[in-house]
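Close look at the chain arrangement
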Amino acid sequence: MKTNLNWLNDYLTPGLDVSEQAVLDLAQQIELTAVEVEEVGQAAAKQSGLVVVKVEEVKDHQDSDHLHITQVFDGKEHIQIVTGAPNVAEGQLVILATVGSKIVDRESGELVKIRKAKLRGEVSYGMLSALQEIGLPDAVCPQPIEDGIYVFDEKSGVKPGDDALEVLGLKDAMIDTDLTPNRADLLSLRGMAYEMAAMTGNKVNEAPFEEKASALPATDKIQAEITADTLATGLALSLVENVTVAPSDLKVQRRLWTSGIKPKNNVMDALHYWLLATGQPLAAFDADKLGTDKIVVRLASEGEVLGQGDGEEAIALRAGQDIVLSAGNHVIALAGIAMNPDFAVTNETKNVVLAAGQYNPSLIRQAARRHGLRSESSFRLERGIDLQNTQNALANASNEVAEDANGSVAGLATAGFKNIESTVINITVDRINKVLGTDLSEETVVDLLQKLNLQVANDNGALTVTVPGRRTDLSIPADLVEEVGRLYGYDNLPTALIDGQSTAGDLTLRQKKIRASRKIFEGLGFNQAISYALMSPEKATAFNIGADHPVLALDYPMSSDKTTARQNLISGLIDDVAYNVARSVKNIALYEQGRVFLNDNAAVQPVEQEHLAGVLVGSIAESTWQAGQKERDVDFFALKGRVEAYLEAIGVEKVTFKQAQEHQNMHPGQTADVYTGDVYLGYLGQVHPEFVAKQKLPAIFAFELNLETIISLAEKDNAYQPISRYPQITRDLAILVDATLSNQEVLDVINEVSGKYLKDVTFFDLYTGKGTPEGKKSLAYQLTYQNQEDTLVEEAVTSDFEKVTTALTDKFGAEIR
Amino acid sequence: MTLAEELKGFLKEAEGQLSQPDVDVEAVRVAFLGKKGKITGVLKSMKDLSVDEKKEVGQVGNQVRTAIQEKIEEKKAEQEAKALEEKLASETLDVTLPGSKPKIGSAHVLQQIMDEIEAHFLGLGYQIIDDPTDSPEVETDEYNFERENLPKDHPARDMQDTFYITPEILLRTQTSPVQSRVLEKHDFSKGPLKMIAPGKVYRRDTDDATHSHQFHQVEGLVVGKNITMADLKGTLLSIMQELFGEKHQIRLRPSYFPFTEPSVEVDVSWDEVTPDTKPEDIKWIEVLGAGMTHPNVLKMDGLDPEEYTAFAFGLGPDRFAMLKYGVEDIRQFYLNDVRFLDQFNERGN
């Protein structure tokens, strides 16, 4: 909220120091004690050289159809000014930007200096200005700029030579605070006054607010009704008769525009003035247009609308949900949010009904959201207003309307206002100290609470605190702990570290496995990626491991490419590859560890699984100048080797690979499913060449593994075996077999039949070139034998090796070479 | 010529041959000392001599043999040294050519920040909660909001735009729901609960330089019988000094979160603060929100707020990484530009 400190000082004794440094210090103090400060300083801090002048003579410019040559008087000198303002007239008091003055350009927002100018041959020593031209936003200027320059009202008491910025309130000290949702009390000057008083030791001057509603006469000329307690806790109406609607005093207007509200007329301005002063939303209706003396607060009925005047589309109301004010058959307002202009106060209005309601905050909030309309009133009603001050605020506003518009208050009518009681909170000083970690005395605590103008009864440290209605945020003991803490100053709190029982912090096995998995891939040269988990539905399922699962789709997505939670990580990594390729990054090795979302039962949360995936693109060469670039480009085996190395390191044993052709977006000939025993872990291979071609991407090799499965399998710790002192014996095996036979099939046979001494089988050659018959291939393996306990005898190896060759010949018709 | 003289002559002859630079040393050895060599020949012909003569010739023979042997070894060493020198010379490389450098991968910068936070809190005896059961990214409205003291119409819900799946299921907007999930299971007979929960959160925001619909949080929660706001302040000071350096200071400002009361916003000093630093010269940067857990939250989690007190905080790894490294666009974290990722090596500091 924009708080005008000069206005605020009406309510403080002795008042705040509004000098520049003092205001900066105050802003700092507000930040440390209450809420954040958005902006601080005068509304027109940069502008200068603007004076009030009297227009003494106006002549038309000979060479122009719209320029006037004027003589103005600034209290000392007579000055010639050429102006294009259509409304300039002799006798007016207007704003002159003198030669050398500085104003803010409306369009560029930059500070510009006014110079002597010649306009069609006539010299102008400055510029007559509109409010918009001296830095006031369009939204708060009472007249549009097309209407011309600003003219001071005769009654405003302004004289030639006055500093225009000063008399327009633009030199008032301002602090714009950013509200947290709880501090509804700081949405009024009255609330700000109490807060500033607590911080600075000022006393709040309550007299201006004490126009007690009880002092106003009751009247039967108007009636208020609330159809259900759930809609509003109270509605107060007042009737002000025989008003003369006109612009309000400059004193009121300038307070409004510095606070961000556009002045309208003396009735509406009085309402806004007291809205800002008290935080109580107020409305005004032309009593003679209502056609009835009764205003009813009720829910909208089916098919009802709120008219928006001639030519404007009416607002369709939500039956049973929107709170409306009605008069007879007419809906005259959507409570706290908008009104029907047909019933509004105009320049012809004679009698005014003012309304101050306490509408249900939750319903107001829903309605404001539903209709996309948020007003100063709805904002306050949603957050909570001072229920004890509604009628007084109405009294303030009624008297102001009567005074400013020369009317008289006929009286007040109310509905509701039952059981509005003060909140009482019990708390002990010990409790406060226990939560804050302090050792404050009873006196200190009581003093801090009293600074906030809370009523405190102290019985040996047991406090009974009565909360005034404006502090809607204080309802439980913890709230008072906060009040004491912030006023005492969080800077003054001691710093400690939790004492008592100290527990050992340790990672779970699952956490260790995940962390180890990351480290292994980093060691293998992969950068960790963190990609977006939301993507298009196609991408979300494009590279799934295993069976299809229903997707998790957002109800109201932000953009069409982020609608669905991923079920695989490869899609996100391919997006990362595309981003890199588009920026000419050629060699990419990325891995990602993260969740996928399987929405197997829409009524509950999805299954979330940790996956591990990676991509390889381009070259993995350690030095390309030694070997050619081409031969070091990644391929299936580069990827597979890394996945194998990972699985071995993390402790997944007996890993096997099976040719996999069913992965839709993978190369049918270069994809393998990964198993350990019968357990499926995931797959790896080349992304389908057509898939990458569509996105103009180079070859991508990718894998995706279910990390949950790996965690559950890889629980065994490393098993140490003493290194055998006995020598190893190796045998090379070269076989000619059908080209379709897989390495895995050969290995399975070797492992099955070779005896207990076989320690390792290393594949070392694949040959299909010259000398190999059509449809055949030559495979070569080195078999390593070792006896852990004794020297291995040659004969034992020969016999074991022969079993292998025999079995291969029998099973596959292999020709031993 | 006596045999002895003949032998001495061989020595001269051998010396002569071995003085040639490129002499085939092995050939010399064979010629003089081999089985059929000259010395052997002479010694073989000794059988006809008298015992004295044999003794004399034998002595000379041995002397000559040893001398030739020595010369040969000497020459051999000389030649080998030369050969080695030549070989090394021929193997000389341009050592300024690039090395064969294996690529070392890197943890993502956000991961590094989270790892650092985790290590700090592990040291303080905290548990880390990051499994899908206790820390799901898809949450219920109940845990994400209601259990955090944010009923359906609460104005503070405006602070967080939410991706809903159904009216009851949503992408979590904060890691706070982990608090309730862990708290309701904790056995307080085993001591206070001290936990952090790192993880992804989501907000219905338009992505730009400072907003991302996906980002990270590390929730912290400590619940026990004597947990104070001073403990919170000390804890936050220690983690901020861990992340930003030990000479940095923090300050607490009042704020509002529905799930804490009192609530504070925490600023960290942009520069180091020494005893000589004037308060007005400190530039404060807002880094996190924290507070004493709201009694309603404790109650909903089955604890008596009169008996237990608690503090909670929410750290933002994305924001920390931006501040620490001067990353100006939050989207950089999720685009995975290799040139970006490669800049964050694990330095160990």
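The rules we used
- Residues numbered from 1 in each chain as written.
- Chains lettered and ligands numbered in written order.
- Predicted model: local features only at pLDDT ≥ 70, side-chain atom pairs only at ≥ 80, totals over all residues.
- UniProt positions renumbered as here; feature names shortened; annotations may be inferred.
- Helix = DSSP H or I, 4+ residues; strand = E, 2+ residues; numbered from the N terminus.
- Rg over C-alpha atoms; globule rule 2.2 N^0.38 Å.
- Buried ≥ 20, exposed ≤ 12 C-beta atoms within 10 Å, placed from the backbone.
- Contact = placed C-beta atoms within 7 Å.
- Pairing = 2+ DSSP bridges.
- Core = buried A, V, L, I, M, F, W, Y, C linked by C-beta atoms within 7 Å.
- Axes fitted to C-alpha atoms, helices over the stretch in contact; angles between N-to-C directions.
- Parallel < 35°, antiparallel > 145°, perpendicular 65-115°, else oblique.
- Left-handed = near helix turned anticlockwise from the far one by under 90°.
- pLDDT = per-residue confidence, 0-100.
- Expected span 1.5 Å × (residues − 1).
- Arc of directions from axis to C-beta.

Per an unreviewed UniProt entry, chain B is named Phenylalanine--tRNA ligase alpha subunit, and its organism is Fructobacillus broussonetiae. Quoted verbatim from the Subcellular location (unreviewed entry) field of UniProt, the annotation for chain B is "Cytoplasm". Here is the UniProt Sequence similarities (unreviewed entry) comment for chain B, exactly as written: "Belongs to the class-II aminoacyl-tRNA synthetase family. Phe-tRNA synthetase alpha subunit type 1 subfamily."

Chain A carries the name Phenylalanine--tRNA ligase beta subunit in an unreviewed UniProt entry, which gives Fructobacillus broussonetiae as its organism. Taken directly from UniProt, the Subcellular location (unreviewed entry) text for chain A runs: "Cytoplasm". Under the heading Catalytic activity (unreviewed entry), UniProt records this for chain A: "tRNA(Phe) + L-phenylalanine + ATP = L-phenylalanyl-tRNA(Phe) + AMP + diphosphate + H(+)".

**Side note on the overall build of chain A**
Of the regular secondary structure elements, chain A holds 21 helices and 40 strands. For chain A, whose C-alpha radius of gyration is 41 Å, the value lies well above the compact-globule estimate of 28 Å for 817 residues. Dimensions of chain A, computed from the C-alpha atoms along their principal axes, are close to 125 × 85 × 55 Å. Among the 817 residues that make up chain A, the fraction classed as buried is 44%. Across chain A, the fraction of contacts at a sequence separation of at least 24, relative to all contacts at a separation of at least 6, is 70%.

**Structural notes on the UniProt feature "domain: TRNA-binding" (unreviewed entry) in chain A**
Here, UniProt's "domain: TRNA-binding" (unreviewed entry) annotation points to residues 44-165 of chain A. In residues 44-165 of chain A, helix accounts for 2% and strand for 41%; the two terminal C-alpha atoms are 7 Å from one another.

**Some points on the pairing of strand E31 (residues 588-598) of chain A**
All names here are of chain A. Within E31, 10 of the 11 residues are buried, which leaves it mostly tucked inside the rest of the structure. Relative to E31, strand E28 (residues 527-528) runs parallel, the two sharing two bridges. Across the sheet, glutamine 528 pairs through a bridge with tyrosine 591, a residue of E31. Sheet topology note: the E31/strand E32 (residues 607-617) ladder contains 11 bridges and is antiparallel. By the bridge assignment for E32, leucine 598 is matched with valine 607.

**Considering the nonpolar core**
All names here are of chain A. Judged by nonpolar contacts, the single largest core of 274 residues is most densely connected at Val267, Leu282, Leu354 and Val615. No other element matches helix H6 (residues 266-278), which puts nine residues into this core. Residues within four places of valine 615 in sequence aside, it is in contact with Leu573, Ile574, Val577, Ile588, Leu590, Ile700, Phe701 and Ala702.

**A short note on the packing of helix H20 (residues 743-753) of chain A against helix H21 (residues 794-812) of chain A**
Residues and elements named next belong to chain A. The contact between H20 and H21 brings their axes to 9 Å, and the two run at 135 degrees. Here H20 is positioned oblique relative to H21, judged by the angle of their axes. Here H20 runs over H21; the crossing is right-handed. Facing Val746, Val749, Ile750 and Val753 of H20, the residues of H21 in contact are Lys803, Val804, Ala807, Leu808 and Lys811.

**Quick look at unusual backbone geometry**
Following threonine 13 of chain A, the chain continues into proline 14 of chain A via a peptide bond in cis, with omega recorded as 5 degrees. Secondary-structure assignment places proline 14 of chain A in the loop between strand E2 (12-13) and helix H2 (20-33). With omega at -5 degrees, the peptide bond leading from glutamate 261 of chain B into proline 262 of chain B counts as cis. Within the chain, asparagine 406 of chain A stands out as a residue other than glycine whose phi angle is a positive 55 degrees. Structurally, asparagine 406 of chain A can be placed in the loop between helix H10 (390-404) and strand E24 (408-416). Given 13 C-beta atoms within a 10 Å radius, asparagine 406 of chain A is considered partly exposed.

**Looking at the confidence of the model for chain B**
On average, residues of chain B score 90 in pLDDT, and 99% of them reach the 70 mark or higher. With pTM at 0.86, the complex prediction returns an ipTM value of 0.87.

**As for the UniProt feature "binding site: Mg(2+)" (unreviewed entry) in chain A**
Following the UniProt record, one finds the feature "binding site: Mg(2+)" (unreviewed entry) at Asp473, Asp479, Glu482 and Glu483 of chain A. Tracing the backbone shows aspartate 473 of chain A in the loop between strand E27 (462-467) and helix H13 (477-488). With 20 C-beta atoms counted inside 10 Å, the residue aspartate 473 of chain A sits in the buried group. Beyond its immediate stretch of four places on either side in the chain, aspartate 473 of chain A contacts Asn182, Arg183, Ala184, Asp185 and Asp479 of chain A. Among the structural elements, aspartate 479 of chain A can be located in helix H13. Ignoring sequence-local partners within four residues, the contact set of aspartate 479 of chain A consists of Asp473 and Leu474 of chain A together with Glu261 of chain B.

**Re the UniProt feature "binding site: Mg(2+)" (unreviewed entry) in chain B**
Taking the UniProt record as the reference, the feature "binding site: Mg(2+)" (unreviewed entry) is found at Glu261 of chain B. Setting aside its immediate chain neighbours within four residues, glutamate 261 of chain B contacts Ala478, Asp479 and Glu482 of chain A together with Gly291, Met292 and His294 of chain B.

**Observations concerning helix H1 (residues 3-18) of chain B**
Residues and elements named next belong to chain B. Over its 16 residues, H1 runs 22 Å from end to end, which matches the ideal 22 Å to within 8%, given 1.5 Å per residue. Residues of H1 that are buried include every one of Leu7, Phe10, Ala14 and Leu18, and no others. Down the axis of H1, the buried side of the element spans an arc of 60 degrees, and every buried residue falls inside it. Opposite the packed face of H1, turned more than 90 degrees from it, sit the exposed residues Glu5, Lys12 and Gly16.

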